[in-house]
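# Commentary on secondary and tertiary structure
As a plain string of letters, each chain reads:
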There are 2 protein chains.
Amino acid sequence: MAKIVVLGAGVMGTALCVPAADNGHKVLLVGTPLDQDIVVTMRRPGGIHPKLDAAPPAGVEAIRFDELRSEHLANADIIVVGVSSPGIGWVTDILNRVMTEACPIAFVTKGLESAGSAVSTYAQTLPSRIPLMSAFIGIGGPCIARELANRLPTACIYACEDISVAEQLAAIMQTDYYRLSVTTDVTGVEACAALKNFYAIGVSAMQTRYPDQRRADGQSKNPTAAVFTQATLEMARLCERLGGQTTTAFGLAGLGDLHVTVGGGRNSRLGQGLGTGRTVVEMLSSELFGETVEGVDTARVLANMALEKQHTDEGPLAYFPLASAIMDAVLQQKRFSLDFSNLIVQ
Amino acid sequence: MAKIVVLGAGVMGTALCVPAADNGHKVLLVGTPLDQDIVVTMRRPGGIHPKLDAAPPAGVEAIRFDELRSEHLANADIIVVGVSSPGIGWVTDILNRVMTEACPIAFVTKGLESAGSAVSTYAQTLPSRIPLMSAFIGIGGPCIARELANRLPTACIYACEDISVAEQLAAIMQTDYYRLSVTTDVTGVEACAALKNFYAIGVSAMQTRYPDQRRADGQSKNPTAAVFTQATLEMARLCERLGGQTTTAFGLAGLGDLHVTVGGGRNSRLGQGLGTGRTVVEMLSSELFGETVEGVDTARVLANMALEKQHTDEGPLAYFPLASAIMDAVLQQKRFSLDFSNLIVQ
């Protein structure tokens, strides 16, 4: 039986407790300052997470962050960080305060950070900020938290420079509904995890941009499929530029997670709004008011990279036409416009 | 102005006339024996293809197959074959009867053919059967005919061993809504064009297999995304085994066309039926009675290939678990069952 500490009692942190507890491990779920009410609710007999319609399985103990002590982390096999990117500073602080022994840490948190024109993933920036982290593990792949909590099947990917650490964690977490593969391409998995939110905005815009009244859902299909392909190819190019492998973008962390992100969520809703001709400001001040749309943050970071044109014998060629169209809409408040004549799809 | 002859006045053949005519080329559309009524209808003033809600553009002349003479093909720049796979024998016969000079021929027809355990694409089998074909061009990518005929944007890929021939045809056909890239990987494009119908059955089964009552569309998203990824990876492996390149499967001809095929059509309807627990026989004797489901034919051909297990240090490993699950359902009349614990996704 392994000992697992999960930081963050939001939907994803809580959902990850389910396969771990189903495997008979001891799981401690630690709420953030934003999760105080959730922890209280879950501690009641039969208590259910307010945003998950599944009860936490037996074997999961929930505590508040102000109850967390160094003893809780003693002999932990793994710490899993399940917060979203705005919480990563809080995670760093609390871990450095309570960790007294080295431990591997797995992150579902995704984000890119920039310093000047250099863009880095958490795999590159967090290890030096958390000295007692013995290994950084990145978690990628299609995983809507509520579906995982309800044990609907999916497949994800765990990445660590030391493949044996990724394999150990995968062995702890894998169930027959939560299938896991492993890779050493931690930079690629982290890059794709952030990029897929950004590209989901552009693909989702195609779901509303070209109506087709003869379809039951009112939407044409060719534009979305063509732009989904374009998004995957650009994600592979960007992944490589950030130091990852293109094959990672063609797998669960890339196109797999892009697929599920286009299927729902805040980035998708933003994109669908853009597809109908609304602007980002209009969307963020109405339907999405007060919500974190992670693809918008990714767009800001990507703006620091020079997504320059590629030069060919015939002259310059836009190499990231979809990224450029999304950035124009998100950062310059233009109405979303993707000129298909700019696509270079192979 | 180029001269283009399109064989087959079904939805795809007729739709391909639209970009060609929009570019000002002279287009002759030749109906098959199944298209006699369509040709009569389209010839009337303002005549509309009965299955397309768009009028053929000016510059398209439609004739019946029994009106086709060698003179019609004289000085043609390209012949485009737009029939489905059951019509390929008829195409071969009529072309050999009326062709008197060499001409490149492009095919949207997709299919795999087997001789013993050897599986071949049309790119490999048709050239010897049509001696006056000076070049074989394969057409792939996401392209629902009715959407193309209505000038909704998409991106496709033209493949020819001689890249300059693919480029010439792309230059004739490309418009701002019909974007074209080119490749020499004609075997890969042809393999993907056939395989995507087969894999769409398995992905579409996931759209109904795991209901989620809290979704507007009633369906969970993780299983479909995970299996879409698995389908893409298996398609890449099979593409390589058939002599094509894996990158082709990760582009428009592979995942792009798979995406649109899962979005609708007969293969998708079959898969969605399988996902609810019905068998192939039940589906083909009710909703799909009398219809050509091309993925079923592909399954029969793939059965001749030994999709053997891969051997690792730990023993044999199923390398095509999704293909195996689809073949069990299609060929052995089992209820569709994909064990996620068999997935090897990276």
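Computed from a prediction, not measured in an experiment: that's the story for all the values here.

Next up on the list: the pattern of salt bridges. Under the defined criterion, the tally for this structure stands at 28 salt bridges over all chains. We note a salt bridge from Arg-269 of chain B to Glu-291 of chain B, for which the minimum N-O separation is 3.5 Å. In this pair, Arg-269 of chain B is assigned in helix α12 (residues 266-275) and Glu-291 of chain B in the loop between α13 (280-284) and α14 (294-302), connecting sequence segments 22 residues apart. Of the residues examined, Arg-269 of chain B reaches a relative accessible area of 36% and is grouped as partly exposed. Through salt bridges with shared partners, a single network forms among Arg-43, Arg-64, Asp-66 and Glu-67 of chain A.

Residue and element names in this part refer to chain A. In terms of burial, helix α14 (residues 294-302) is a largely internal element, seven of the nine residues being buried. Among all positions of α14, only Glu-294, Gly-295, Val-296, Thr-298, Ala-299, Val-301 and Leu-302 are buried. Turning to α14, the residues buried within the fold contact β6 (112-115), β7 (118-121), α8 (186-209), α9 (222-241), α12 (266-275) and α15 (321-331).

Right, let's talk about the pairing of strand β10 (residues 178-183) of chain B for a bit. As a general feature of sheets, a regular strand has side chains that alternate between the two faces. Among the six residues that make up β10 of chain B, five are buried, leaving the element largely enclosed by the rest of the structure. A crossover connection joins strand β9 (residues 154-159) of chain B to the parallel β10 of chain B through helix α7 (residues 163-173) of chain B; in handedness this β-α-β unit is right-handed.

This part takes up the packing of helix α8 (residues 186-209) of chain B against helix α11 (residues 252-262) of chain B. Residues and elements named next belong to chain B. One can describe the packing of α8 onto α11 by two numbers: an axis separation of 8 Å at closest approach and a directional angle of 40°. As far as their axial angle goes, α11 and α8 are oblique. Note on packing geometry: the crossing formed by α8 with α11 is right-handed. For the pair α8 and α11, the contacting residues are Val-189, Cys-192, Ala-193, Lys-196, Asn-197, Tyr-199, Ala-200, Val-203, Ser-204 and Gln-207 in the first and Ala-253, Gly-254, Asp-257, Leu-258, Thr-261 and Val-262 in the second. Looking at the contact of α8 with α11 residue by residue, the class counts come to nine nonpolar, five polar and two charged.

Quick look at the environment of Ser-120 of chain B now. Residues and elements named next belong to chain B. If you trace the backbone, Ser-120 turns up in strand β7 (residues 118-121). Taking relative accessible area as the criterion, Ser-120 reaches 21% and is therefore assigned partly exposed. Residues Ser-120 and Glu-287 lie 167 residues apart in sequence; the distance between their C-alpha atoms is 31 Å. Ignoring any residue separated from it by four or fewer positions in sequence, one finds Ser-120 in contact with Gly-111, Leu-112, Glu-113 and Thr-125.

Definitions and limits used
- Along each chain, the written sequence defines residue order, and numbers are assigned to residues from 1.
- Chains carry letters and ligands carry numbers; both start at the beginning, A for chains and 1 for ligands, and go up in the order they are written.
- For this predicted model, a pLDDT threshold of at least 70 governs which residues receive local features, and a threshold of 80 or more governs which side-chain atom pairs are given and counted, while totals over whole chains, interfaces and linings are taken from all residues.
- Side-chain calculation: all heavy atoms of the structure are included, whereas hydrogens and water are not.
- One side-chain nitrogen of Lys or Arg within 4 Å of one carboxyl oxygen of Asp or Glu is enough to make a salt bridge.
- Helix and strand assignments follow DSSP, with helices taken as H or I runs no shorter than four residues and strands as E runs no shorter than two, numbered in order from the N terminus.
- Think of it in three bands: with a 1.4 Å probe and only protein chains considered, a residue is buried below 20% of the maximum accessible area for its type, exposed above 50%, and partly exposed in between.
- Contacts are assigned to residue pairs that have any heavy atoms within 4.5 Å of one another.
- When the strands point away from the viewer, a crossover counts as right-handed if the path from the first strand over the helix to the second runs clockwise.
- Each axis is a line fitted through C-alpha atoms, and for a helix only the stretch in contact is used; angles between axes span 0 to 180 degrees, taken between their N-to-C directions.
- By the definition adopted for this analysis, an angle is roughly parallel if under 35 degrees, roughly antiparallel if over 145, roughly perpendicular if from 65 to 115, and oblique otherwise.
- Here a crossing is called left-handed whenever its near helix is offset anticlockwise from the far helix by less than a right angle, and right-handed whenever the offset is clockwise.
- Throughout this entry, Asp, Glu, Lys and Arg are counted as charged residues, while Ala, Val, Leu, Ile, Met, Phe, Trp, Tyr, Cys and Pro are counted as nonpolar. The remaining residues, Gly among them, count as polar.

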